[in-house]
Amino acid sequence: MDMKPVASSNIQAVGYDESSETMRVQFTNGSIYEYRNIPLVVYNDFMQASSLGAYLNRNIRNSYPYEKIG
């Protein structure tokens, strides 16, 4: 999965695979989480949010399955 650097205080890079609706988030502390069943529209809204961390906490973390992979 291609990871794109982002401007965020706690998120370093984000990747998305549309075919599997999987989003990968690498945090600045080095940990990597994979979020599943993320529709493209949610990924696009996340990437355009003024605060990626706040959007992740508000709209993704408790709404979609995820696991720590690194």
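Bear in mind that the values here come from a model prediction, so they are computed numbers and not experimental data.

Rules behind the numbers
Residues numbered from 1 in each chain as written. Predicted model: local features only at pLDDT ≥ 70, side-chain atom pairs only at ≥ 80, totals over all residues. Heavy atoms only, no water. Helix = DSSP H or I, 4+ residues; strand = E, 2+ residues; numbered from the N terminus. Rg over C-alpha atoms; globule rule 2.2 N^0.38 Å. Contact = heavy atoms within 4.5 Å. Areas by Shrake-Rupley, 256 points an atom, 1.4 Å probe, with all protein chains shown as cover. Lys, Arg positive; Asp, Glu negative; His and termini not counted. Charge placed at Lys NZ, Arg CZ, Asp CG, Glu CD. Axes fitted to C-alpha atoms, helices over the stretch in contact; angles between N-to-C directions. Nonpolar A, V, L, I, M, F, W, Y, C, P; charged D, E, K, R; others polar. Pairing = 2+ DSSP bridges. Phe/Tyr/Trp six-rings, centres within 6.5 Å; stacked < 30°, edge-to-face > 60°. Buried < 20%, exposed > 50% of the residue type's maximum accessible area, 1.4 Å probe, protein only. Arc of directions from axis to C-beta.

### Remarks on the overall build of the protein
Scanning the protein from terminus to terminus reveals two helices and five strands. When the helices and strands of the protein are read in sequence order from the N terminus, they spell out β-β-β-β-α-α-β. For the protein, whose C-alpha radius of gyration is 11 Å, the value lies close to the compact-globule estimate of 11 Å for 70 residues. Overall, the protein is about 25 × 25 × 20 Å in size when its C-alpha atoms are taken along their principal axes. Here the contacts in the protein between residues at least 6 apart in sequence split such that 37% fall between residues at least 24 apart. Taken as a whole, the protein presents about 4,100 Å² of accessible surface, with 42% of it coming from carbon and sulfur. In the protein, 6 positive and 7 negative side-chain charges are present, and the distance between their average locations comes to 9 Å.

### Description of the packing of helix α1 (residues 40-48) against helix α2 (residues 52-60)
Packing of α1 against α2 brings their axes to within 8 Å, and their N-to-C directions diverge by 145°. Taking contact as the criterion, the partners of Val42, Asp45, Phe46 and Met47 in α1 are, on α2, Leu52, Tyr55, Leu56 and Ile60. Per-class residue counts for the contact of α1 with α2 are seven nonpolar, no polar and one charged.

### Some thoughts on the sheet that holds strand β2 (residues 11-17)
The five strands are arranged β1-β2-β3-β4-β5 in an open sheet whose pairing can be described as antiparallel. The two strands at the open ends of the sheet, each matched to only one other strand, are β1 (3-5) and β5 (66-68). The average undirected angle you get between the axes of adjacent strands in this sheet is 20°. Sheet topology note: the strand β4 (residues 32-35)/β5 ladder contains three bridges and is antiparallel. Across the sheet, Tyr35 pairs through a bridge with Tyr66, a residue of β5. Where α1 meets the sheet, its contacts fall on β1, β2 and β3 (22-27), and the angle it forms with β2 comes to roughly 160°.

### Here we look at the packing of aromatic side chains
By the definition in use, this model includes six aromatic pairs. Relative to Tyr33, the ring of Phe27 lies with its centre 5.7 Å away and its plane at 90°, an arrangement referred to as edge-to-face. Owing to a relative accessible area of 8%, Phe27 belongs among the buried residues under this scheme. Given the relative accessible area of 22%, Tyr33 is considered partly exposed.

### Comments concerning α1
Among all positions in α1, only Val42, Tyr43 and Phe46 are buried. Buried residues of α1 fall within an arc of 100° about the axis and therefore sit on the same side. Among the exposed residues of α1, those pointing more than 90 degrees away from its buried face are Val41 and Gln48. Contact partners of the buried residues in α1: β1, β2, β3 and α2.

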